[in-house]
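Remarks on the overall topology
As a plain string of letters, each chain reads:
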Amino acid sequence: MEIGLIGLGKMGANMAQRIRNGGHTVIGYDRSESAPRDVSSLDQLVGKLTTPRLVWIMVPAGAATADTVSELAELLGDGDVVIDGGNSKYSDDAVHAKQLAAKGIGFVDVGVSGGVWGLQNGYALMVGGAADTVARVQPIFDALKPEGDSGFVHAGPVGAGHFAKMVHNGIEYGIMQAFAEGYELMAASPILENVTETFASWENGTVIRSWLLDLAVRALQADPGLTRIKGYAADSGEGRWTVEAAIENAVPLPVITAALFARFASRQEDSPAMKMVAALRNQFGGHAVESASDAAPSQTPGPAARPAATTSPSAS
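Attention here is on the structure that accompanies the text. A quick note: this is a predicted structure, and the numbers were derived from the prediction, not measured. Along each chain, the written sequence defines residue order, and numbers are assigned to residues from 1. Restriction of local features to residues with pLDDT of at least 70 applies here, the model being predicted, together with a cutoff of 80 or more for giving and counting side-chain atom pairs; totals for whole chains, interfaces and linings are based on all residues. With hydrogens and water excluded, all non-hydrogen atoms of the structure serve as input to the side-chain values.

1. Thoughts on the pairing of strand S3 (residues 54-57)
What counts, and what does not: For every residue, the accessible area (1.4 Å probe, protein chains only) is compared with the maximum for its type, and the residue is labelled buried under 20%, exposed over 50%, or partly exposed between those bounds. Each helix is a run of DSSP H or I of at least 4 residues and each strand a run of E of at least 2, with the numbering of both proceeding from the N terminus. We treat two strands as partners when DSSP finds at least two bridges between them. Call a crossover right-handed when, viewed with both strands pointing away from you, the route from the first strand across the helix to the second goes clockwise.
Burial along S3 is two-sided: Leu54 and Trp56 and Val55 and Ile57, pointing in opposite directions, are all buried. Examined bridge by bridge, S3 and strand S4 (residues 81-84) share four bridges and lie parallel to one another. Residue pairing across strands places Val55 opposite Val82, the latter belonging to S4. Handedness of the crossover joining S3 and S4 through helix H3 (residues 63-75) is recorded here as right-handed.

Structure (structure tokens):
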């Protein structure tokens, strides 16, 4: 089978190679001249493909994906299929499917998980789209997925694939945060001496053994104490969308929501919220605060007068 692949970054280039390893032909395009591309424009890409054509998009979500879909809508024709394998928001899929359908072009959305290890281990694929359109792309899915029965699901109609991947990433946020908090507690405790070894001991025989645990051990062995890494964590958007979907469907997600907010906290060098907490503790209880200029503990007077109380205020 033949397919065009747009976006040859770390993940896209590895996916192209895995598809080729499965015996298929891939014509790759990327805007960057330094990428391992086969053509230098979308026009050339489409021109080299045999009709009916399959084109897989692996570019950043949002404007980049929307622009690429719009360009392909003008270049492709009746019977062709566009696959969006990026991290698009599931609600965007219906818009893109409708836009392409007006030209007779099919659309499939695919949530892809596997990261930089996918070339070796295979990619988990969560697919949305009409059954007949998905069936046309199935040989490519089979080449990308891991060996065995798992690693692929036709989750539902257009949008279902990216919705499933969104929830997957929300769960990932929660699991990573739990490992992170457990690591911090063990590192802070004077009674536990071998933090890395403790993590490694969990890799077999425990109920929390997982690939993420294996990666945590790998990171700690490479950098004990994680001294070479700044405690800053970005978010790709899917965590936010998961929380938004939870609100829309009135589903409580306390763990995933807290994990998302923890990432926001990681980006603050000095928390405005904690400044307010410190100021309030100083005001009601006379607790020491640290000066912003030299971080030296200082004591500032409380208010000139406070409301009379029949019991002493809590100094929490």
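2. Some words on the environment of Ile6
Formally: The contact criterion used throughout is that any non-hydrogen atoms of two residues lie within 4.5 Å.
With respect to the element layout, Ile6 can be found in strand S1 (residues 2-6). C-alpha separation for the pair Ile6 and Met58, spaced 52 residues apart in sequence, amounts to 5.7 Å. What Ile6 contacts, discounting residues up to four positions off in sequence, is Tyr29, Leu42, Leu45, Val55, Trp56, Ile57, Met58, Val59, Thr68 and Leu72.

3. Focus on the pattern of salt bridges
Pairs can form between side chains of opposite charge whenever their charged atoms are close. Under the convention used in this document: What counts as a salt bridge is simple: a side-chain nitrogen of Lys or Arg found within 4 Å of a carboxyl oxygen of Asp or Glu.
Counted by the stated rule, this structure contains eight salt bridges. The shortest N-O distance in the salt bridge between Glu74 and Lys103 comes to 3.1 Å. In this pair, Glu74 is assigned in helix H3 and Lys103 in the loop between helix H4 (90-101) and strand S5 (106-113), connecting sequence segments 29 residues apart. Judged by its relative accessible area of 60%, Glu74 is exposed. The salt bridge partner of Glu244 is Lys89, with a shortest N-O separation of 3.0 Å. Note that Glu244 is positioned in helix H10 (residues 238-248) and Lys89 in the loop between S4 and H4, a separation of 155 residues in sequence. Each of Asp235, Arg240 and Arg267 takes part in one network of salt bridges that share partners.

4. With respect to the environment of Ser88
This is how it is decided: Polar contact is the term for a pair of N or O atoms within 3.5 Å; when the atoms are in protein, one must be able to donate a hydrogen and the other to accept it, and sequence-neighboring residues count only if both atoms are side-chain atoms.
Within the fold, Ser88 resides in the loop between S4 and H4. Taking the C-alpha atoms as reference, Ser88 lies 9.4 Å from Gly159; in sequence the two are 71 residues apart. Contact partners of Ser88, with chain neighbours within four places excluded, come to Ala61, Thr65, Asp93, His162 and Trp241. Only 2.6 Å separates the side chain of Ser88 from the side chain of Asp84, close enough to count as a polar contact.

5. Re the nonpolar core
What counts is decided by this rule: Buried residues of nine kinds, namely Ala, Val, Leu, Ile, Met, Phe, Trp, Tyr and Cys, make up a nonpolar core once their side-chain atoms join them within 4.5 Å.
In this structure, Leu5, Trp56, Ile83, Val110 and Phe141 are the most contacted members of the largest nonpolar core, which totals 24 residues. The set of elements that each furnish at least two residues to this core consists of S1, helix H1 (10-21), S3, S4, S5, strand S6 (124-128) and helix H6 (131-144). The greatest single-element share of this core, amounting to five residues, is contributed by H6. Sequence-distant contacts of Ile83, defined by excluding residues within four places in its chain, comprise Ile3, Leu54, Val55, Trp56, Ile57, Val108, Val110 and Val137. Formed by 20 residues, the second largest nonpolar core is a distinct cluster that contains Tyr29, Ile57, Ala73 and Leu100.

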